[in-house]
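Each chain is listed here by its residues.
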Amino acid sequence: MEDFYTIQGEGFYQGYAAYFIRLGGCDVGCVWCDVKESWDANAHPKIEVQDLVKKAKASGSEIVVITGGEPAMHNLELLTNELQNAGLKTNIETSGAYPLTGNWDWVCLSPKKFKAPHSSVFDKADELKIIVYNKSDFDWAEEHATKVGKSCVLFLQPEWSKEKEMVPMIIDYVKSNPKWKVSLQIHKYMNIP
């Protein structure tokens, strides 16, 4: 769908410069999705893998974030291999709705209630990022935290349209449950695309 150089705004790599490759295609259907234009993969032009690798390398960042849409809908072996061969670190942001393909330096699993994660993704997750849209999402977060490995970093992130309501609840929850950390979409606070 698009590729661009920016600052990673959320999760473990928040604040790092990163080259983003946003793939078209998603059938998860989050009602609060902020990139619904990504859902139709056929609405976006196809780009050669080598062109993406050149642009990512030229950015100067060592981190490339593959996101979507739902990037795991695609076979990502070639793309991740070529990025890594160019000396770049491959990060993915996925709902986990599909088994992962490709070689990853970092896996951010952000499961959604709209389509259950594939069981094979949990043990690959380096980061579990739960979007908190309402109070019931805390129980849902705990349920998913039991499925990831012990070294997986746990984040609670407010859904942007409910940020004012959810942030105080997340703060209280993290203080009571310090295994969790707070993730904020700092790129939205700072107006970074």
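Residues numbered from 1 in each chain as written. Predicted model: local features only at pLDDT ≥ 70, side-chain atom pairs only at ≥ 80, totals over all residues. Heavy atoms only, no water.

A.B. asks: Would you mind showing me how to read the sheet that holds strand S1 (residues 2–7) here?
C.D. replies: What holds strands together in a sheet is hydrogen bonding between their backbones, with the strands either parallel or antiparallel. With respect to topology, eight strands assemble into an open sheet ordered S1-S2-S3-S4-S5-S6-S7-S8, the strand pairing being mixed. Lying at the two open borders of the sheet, with one neighbouring strand each, are S1 and strand S8 (180–182). Going across the sheet, the axis of each strand differs from the next one's by a mean of 25°, ignoring polarity. The pairing of strand S5 (residues 106–109) with strand S6 (residues 127–132) spans two bridges and is classified as parallel. By the bridge assignment, Cys 108 is partnered in S6 with Glu 127. Contacts from helix H3 (residues 137–145) reach S6, strand S7 (153–158) and S8, with the element oriented near 165° to S6. Where helix H4 (residues 163–176) meets the sheet, it contacts S6, S7 and S8, and its direction lies at approximately 150° from that of S7. (Pairing = 2+ DSSP bridges. Helix = DSSP H or I, 4+ residues; strand = E, 2+ residues; numbered from the N terminus. Axes fitted to C-alpha atoms, helices over the stretch in contact; angles between N-to-C directions. Contact = heavy atoms within 4.5 Å.)

A.B. asks: Got a minute to help me understand a nonpolar patch on the surface in this structure?
C.D. replies: Together, Trp 160, Tyr 189 and Met 190 line one region of the surface with nonpolar side chains, adding up to about 310 Å² of accessible area. One can find Met 190 in the segment after helix H5 (186–189). (Patch = residues over 30% accessible without salt bridge, like charges linked within 9 Å, V, L, I, M, F, W, Y side chains within 5 Å. Areas by Shrake-Rupley, 256 points an atom, 1.4 Å probe, with all protein chains shown as cover. Salt bridge = Lys/Arg side-chain N within 4 Å of Asp/Glu carboxyl O.)

A.B. asks: So what exactly am I meant to see when it comes to the nonpolar core here?
C.D. replies: It is characteristic of soluble globular proteins that their nonpolar side chains tend to be buried jointly. Counting 37 residues, the largest nonpolar core has Ile 66, Leu 128, Leu 156 and Trp 180 as its most contacted members. Filtering out sequence-adjacent residues up to four positions away, Leu 156 remains in contact with Ile 130, Val 132, Phe 138, Ala 141, Ile 170, Tyr 173, Val 174, Trp 180, Lys 181, Val 182 and Ser 183. By size, the runner-up hydrophobic cluster in this structure holds nine residues, among which are Phe 20, Ile 63, Val 65 and Trp 106. (Core = buried A, V, L, I, M, F, W, Y, C linked by side-chain atoms within 4.5 Å. Buried < 20%, exposed > 50% of the residue type's maximum accessible area, 1.4 Å probe, protein only.)

A.B. asks: Teacher, can you tell me more about the pattern of salt bridges here?
C.D. replies: Opposite charge on two side chains permits pairing when their charged atoms draw close. Going through the model one piece at a time under the given rule, you end up with nine salt bridges. For Asp 137, the salt bridge is made with Lys 113, and the minimal N-O distance between the two is 2.6 Å. Within this pair, whereas Asp 137 is found in helix H3, its partner Lys 113 is found in the loop between S5 and S6, the two being separated by 24 residues in sequence. Residue classification places Asp 137 among the buried positions, given a relative accessible area of 4%. Taking the relative accessible area as the measure of exposure, Lys 113 reaches 43% and is therefore partly exposed. The salt bridge involving Lys 164 is made with Glu 163; its shortest N-O contact spans 3.2 Å.

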